[in-house]
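Single-letter residue listing:
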Amino acid sequence: MTRFLAAALAAAFSGSAPAAEPLTIATWNMEWMMRPGVFDALAASCFGRESRGRAGERTIPCDLVPKGRWSEADLARIRDFAAKLPADVIALQEVDGKDVAAQLFPDRVFCFTKRRAVQNVGFAIRKGLKYRCNADVKALGLPGNDVRWGADVTLEPGTPHAMRLLAVHLKASCNRDPLTTDRPDCRTLRRQVPALEDWIDARAKAGDAFGVVGDFNRRFDLERRAARDGDERLVAMWPELDDGAPAGADLLDPGADYGPVGCRNGHGKRMPIDYLILGDRLAGRLVPGSFRVLDYPEGGRWPDHCVVSIELER
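**Q** Explain the nonpolar core here, please?
**A** It is characteristic of soluble globular proteins that their nonpolar side chains tend to be buried jointly. Core analysis: the biggest nonpolar cluster contains 54 residues, and Trp 28, Phe 105 and Phe 123 have the highest contact counts within it. Ranked by the residues each element gives to this core, the list is headed by strand β1 (residues 23-33), at six residues. The next biggest cluster of nonpolar side chains, apart from the first, holds 27 residues, and it includes Val 137, Cys 174, Leu 251 and Ile 277.

**Q** Help me understand the packing of helix α3 (residues 72-83) against helix α4 (residues 97-104), please; the structure alone is not making it clear to me.
**A** Think of two packed helices as two axes; the pair is described by the angle between the axes and how far apart they sit. Put simply, α3 and α4 touch, their axes get as near as 8 Å, and they point 65 degrees apart. Classed by the angle they form, the pair α3 and α4 counts as roughly perpendicular. The residues of α4 that touch α3, namely those facing Glu 72, Leu 75, Ile 78, Arg 79 and Ala 82, are Val 100, Gln 103 and Leu 104. Partitioning the contact of α3 with α4 into residue classes produces five nonpolar, one polar and two charged.

**Q** How do you make sense of the state of the cysteines when you look at a structure like this?
**A** Linking two cysteines covalently through their sulfur atoms gives a disulfide. Taken as a whole, this structure holds four disulfides when the rule is applied. With its sulfur 2.2 Å from that of its partner, Cys 263 forms a disulfide with Cys 306. With the S-S bond torsion at -85 degrees, the cross-link from Cys 263 to Cys 306 turns out left-handed. Taken together, the residues span a long stretch of sequence, with Cys 263 in the loop between α6 (237-241) and β9 (274-278) and Cys 306 in the loop between β10 (292-294) and β11 (307-312) at a distance of 43 residues. Within the protein chain, bonded cysteines paired by disulfides and numbered along the sequence follow the pattern 1-2, 3-4, 5-6, 7-8.

**Q** What's the story with the pairing of strand β6 (residues 151-155) in this structure? I'm lost.
**A** Remark: a regular strand shows side chains that alternate across the two faces of the sheet. The element β6 is extensively covered by neighbouring structure, given that five of its five residues are classed as buried. Residue alternation in β6 divides its side chains into two sets, Ala 151, Val 153 and Leu 155 and Asp 152 and Thr 154, and both sets are buried. Here strand β5 (residues 131-133) runs beside β6; their pairing, made up of three bridges, is antiparallel. Residue pairing across strands places Arg 132 opposite Thr 154, the latter belonging to β6. Bridge count for β6 against strand β7 (residues 163-169) is five bridges, and the pairing is antiparallel. The residue of β7 that forms the bridge with Asp 152 is Leu 166.

**Q** Could you clarify how one ought to interpret the pattern of salt bridges in this entry?
**A** A side chain of one charge can pair with a side chain of the opposite charge when the charged atoms of the two come close. In total, this model carries 18 salt bridges according to the counting rule given. Put simply, Arg 164 and Asp 208 hold a salt bridge, and the shortest N to O gap is 4.0 Å. One end of the pair, Arg 164, is in strand β7; the other, Asp 208, is in the loop between α5 (184-205) and β8 (210-215), and 44 residues separate them in sequence. Its relative accessible area of 18% is what places Arg 164 among the buried residues. For Asp 208, a relative accessible area of 23% gives the class partly exposed. Measuring nitrogen to oxygen at the nearest pair gives 2.7 Å for the salt bridge that ties Arg 219 to Asp 221. On the accessibility criterion, Asp 221 (28% relative accessible area) is partly exposed.

**Q** How do you make sense of the packing of aromatic side chains when you look at a structure like this?
**A** To describe a pair of aromatic rings, one takes the distance between the centres and the angle between the planes. In the structure shown here, the tally under the stated rule is 13 aromatic pairs. Considering the side-chain rings of Phe 216 and Phe 220, the 5.5 Å spacing of their centres and the 70 degrees angle between planes classify their relative orientation as edge-to-face. Since its relative accessible area comes to 1%, Phe 216 is described here as buried. Here Tyr 296 and Trp 302 contribute two aromatic rings whose centre-to-centre distance is 5.0 Å and whose plane-to-plane angle is 10 degrees, an arrangement assigned as stacked. Classification of Trp 302 by relative accessible area gives buried; the value is 4%. By the ring-pair criterion, three or more aromatic residues cluster together here, those being Trp 28, Phe 81, Phe 105, Tyr 296 and Trp 302. Cation over ring: Arg 77 sits above Trp 302, and NZ or CZ is 5.3 Å from the ring centre. Above the plane of the ring of Trp 199 lies Arg 203, whose end atom (NZ or CZ) is 5.3 Å from the centre.

**Q** It is not clear to me how the sheet that holds β5 should be interpreted in this structure. Could you clarify?
**A** Backbone-to-backbone hydrogen bonds pair the strands of a sheet. The strands run either parallel or antiparallel. Spatial strand order, β5-β6-β7-β8-β9: five strands in an open sheet with mixed pairing. Each edge of the sheet is formed by a strand with only one pairing partner; in this case those strands are β5 and β9. Shown here is a sheet whose adjacent strand axes are inclined to one another by a mean of 20 degrees, direction ignored. Its contacts with the sheet put α5 on β6, β7 and β8, and the angle it makes with β8 is roughly 155 degrees.

**Q** Explanation requested: unusual backbone geometry in the structure shown.
**A** Negative phi values dominate among residues other than glycine, just as trans dominates among peptide bonds. A cis amide bond, omega -5 degrees, links Val 65 with the succeeding residue Pro 66. Cis geometry marks the peptide bond from Ala 245 to Pro 246, where omega comes out at 0 degrees. By the secondary structure assignment, Pro 246 is in the loop between α6 and β9. Despite not being glycine, Leu 142 has its phi angle at roughly 65 degrees, a positive value. Relative to the helices and strands, Leu 142 is located in the loop between β5 and β6. In the Ramachandran plot, Glu 232 falls in the positive-phi region, its phi being about 65 degrees despite a non-glycine side chain.

Cut-offs applied
Residues numbered from 1 in each chain as written. Predicted model: local features only at pLDDT ≥ 70, side-chain atom pairs only at ≥ 80, totals over all residues. Heavy atoms only, no water. Core = buried A, V, L, I, M, F, W, Y, C linked by side-chain atoms within 4.5 Å. Buried < 20%, exposed > 50% of the residue type's maximum accessible area, 1.4 Å probe, protein only. Helix = DSSP H or I, 4+ residues; strand = E, 2+ residues; numbered from the N terminus. Axes fitted to C-alpha atoms, helices over the stretch in contact; angles between N-to-C directions. Parallel < 35°, antiparallel > 145°, perpendicular 65-115°, else oblique. Contact = heavy atoms within 4.5 Å. Nonpolar A, V, L, I, M, F, W, Y, C, P; charged D, E, K, R; others polar. Disulfide = S-S within 2.5 Å. Pairing = 2+ DSSP bridges. Salt bridge = Lys/Arg side-chain N within 4 Å of Asp/Glu carboxyl O. Phe/Tyr/Trp six-rings, centres within 6.5 Å; stacked < 30°, edge-to-face > 60°. Lys NZ or Arg CZ within 6 Å of the ring centre and 35° of its normal.

Shown next as structure tokens:
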């Protein structure tokens, strides 16, 4: 019996170890997602078109009332959909922090920024996956804390599979115009680009496997022009970020050739502004053909952005 057991053990260990399952990373902008009671309380002191909320203040625009309110029935439907998402890690945007996230993702843990505003950025992470929440990237909020911070997480820290991810939600309403356009939204987005590039360059210099995921609020398909004009003014985000310097900062957009995205949320197919951008080292772990756009079930209200995902080898 001992001889047969030894032979069986030898056979078991003679072959190569099975490869670990790929890690699925997704991003999801959930459209002003908050509990109905929180929304109702904020609606009473909303701000109008001629004003704006103060930096980091918990407030909502009046034109969101009442159409932007998510009901308890909506949350239950979204929770059912979220439970079936084939994703280990989901970068979240426009979510009112852990309070509502825990209702929608009861089997996950979270890394959210500590910014007080109702549109928060963070990660929902499958329980059991090793992770570390890093310091918020406050530089993306700019000196006046006018815009959203970045959420920074390390997955599987201390292992050969470690990767660093930054979740972002950049300034809206300048998704196709040159960044030199003299409008407040474009000026703000233009100022966020150096802060984002600083994070990318720091990760590349450190030799990290890294990615930047989330809502960039920018049509990269329209940005095949040079990053800067003849006066060295920044006009385009993507070529500025993907400049290949320093070494390791070459970037990959896995969905670049996918074209318009749609997911049965009533908005039809549109060119994306949500991306899963990979640095050079992490791009080498991309599972070919794994870029996906996930459809919502028929019926009911759904967020105005689609869920997009990729798979990464570990």
